[in-house]
Amino acid sequence: MIAAFAFLVILIAAYFGATVHNSKANGLISHLNEFEHIEYYDVELVPKLSHLAALLTLPFLLAILFFELYIGFKSKIRQAKNLAYGATIAVLAILVIDILTLINPYAYDVSLWGYVWITMSAIIFTANLVSVFIKGNA
């Protein structure tokens, strides 16, 4: 379940990061996009899109944090505990960026900070998949 939540966070961050990036780039080539009938969000909506991305990922991140801590405390397998604690650090890193984006979406743009969401979520995803295989072999 944690891996699925982490994958959803990756998808949300990738979507909003690409959307915000395209919105920012659209201002430079808007005449070409109008000619080809390509529509992007306005640049003025970038803070709203960043805020929405942070808001959508927050419940998943809180659930991941809860389950990682639960696994870290309840698991009897040392390697699984270590992976859970490492994934907890990754979740906390994402949560810091998420909260900063919620507080100030103008300064914390998803097109840049979304890479933190994606990278750390990929680490969480991988750690939980490896944890399943370690548990299966123990």
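Provided above is the structure to which this section pertains.
Residues numbered from 1 in each chain as written. Predicted model: local features only at pLDDT ≥ 70, side-chain atom pairs only at ≥ 80, totals over all residues. Heavy atoms only, no water.

Scanning the protein chain from N- to C-terminus turns up 5 helices and 0 strands. Taken from N to C terminus, the helices and strands of the protein chain fall in the order α-α-α-α-α. Residue burial in the protein chain is summarised as follows: out of 138 residues, 38% are buried. Of the contacts formed within the protein chain by residues at least 6 apart in sequence, a portion of 75% connects residues at least 24 apart. Accessible surface for the protein chain amounts to roughly 8,200 Å². Of this, 71% is attributable to carbon and sulfur atoms. (Helix = DSSP H or I, 4+ residues; strand = E, 2+ residues; numbered from the N terminus. Buried < 20%, exposed > 50% of the residue type's maximum accessible area, 1.4 Å probe, protein only. Contact = heavy atoms within 4.5 Å. Areas by Shrake-Rupley, 256 points an atom, 1.4 Å probe, with all protein chains shown as cover.)

Each aromatic ring pair is characterised by the separation of its centres together with the angle its planes make. Under the defined criterion, the tally for this structure stands at 7 aromatic pairs. Arranged with centres 6.1 Å apart and planes meeting at 40°, the rings of F7 and F125 form a pair that is tilted. With F7 in helix α1 (residues 2-26) and F125 in helix α5 (residues 110-137), this pair connects stretches of sequence that are 118 residues apart. For F7, a relative accessible area of 42% gives the class partly exposed. Relative accessible area serves as the criterion here: at 27%, F125 is assigned to the partly exposed category. Summarising the aromatic geometry, the rings of F66 and F67 are spaced 5.3 Å apart at their centres and angled 65° between planes, so their arrangement reads as edge-to-face. Here the aromatic cluster, defined as three or more aromatic residues joined through ring pairs, consists of F66, F67 and Y70. (Phe/Tyr/Trp six-rings, centres within 6.5 Å; stacked < 30°, edge-to-face > 60°.)

Let us look at the side chain of S50. Structurally, S50 can be placed in helix α3 (residues 46-74). Only 3.2 Å separates the side chain of S50 from the backbone nitrogen of V110, close enough to count as a polar contact. In contact with S50, not counting residues within four places along its chain, are V20, T101, P105, Y108, D109 and V110. (Polar contact = N/O pair within 3.5 Å; in protein donor to acceptor, adjacent residues only side chain to side chain.)

Let us now look at the packing of α3 against helix α4 (residues 78-103). In contact at an axis separation of 8 Å, α3 and α4 are set at 155° when each is read in the N-to-C sense. Viewed along their axes, α3 and α4 adopt a mutual orientation that is roughly antiparallel. Crossing hand, α3 versus α4: left-handed. Classifying every residue of the contact of α3 with α4 by side-chain character gives 19 nonpolar, 6 polar and 3 charged. (Axes fitted to C-alpha atoms, helices over the stretch in contact; angles between N-to-C directions. Parallel < 35°, antiparallel > 145°, perpendicular 65-115°, else oblique. Left-handed = near helix turned anticlockwise from the far one by under 90°. Nonpolar A, V, L, I, M, F, W, Y, C, P; charged D, E, K, R; others polar.)

Attention now goes to α3. Here α3 spans 42 Å end to end across 29 residues, near enough to the 42 Å set by a 1.5 Å rise per residue. Within α3, the axis deviates most sharply at L58, by approximately 35°, and proline P59 lies no more than four positions further along. Considered for burial, the residues of α3 that qualify are V46, P47, L49, S50, A53, A54, T57, L61, I64, L65, E68 and G72. (Expected span 1.5 Å × (residues − 1). Bend = angle between axes of the 7 residues up to and from the residue.)

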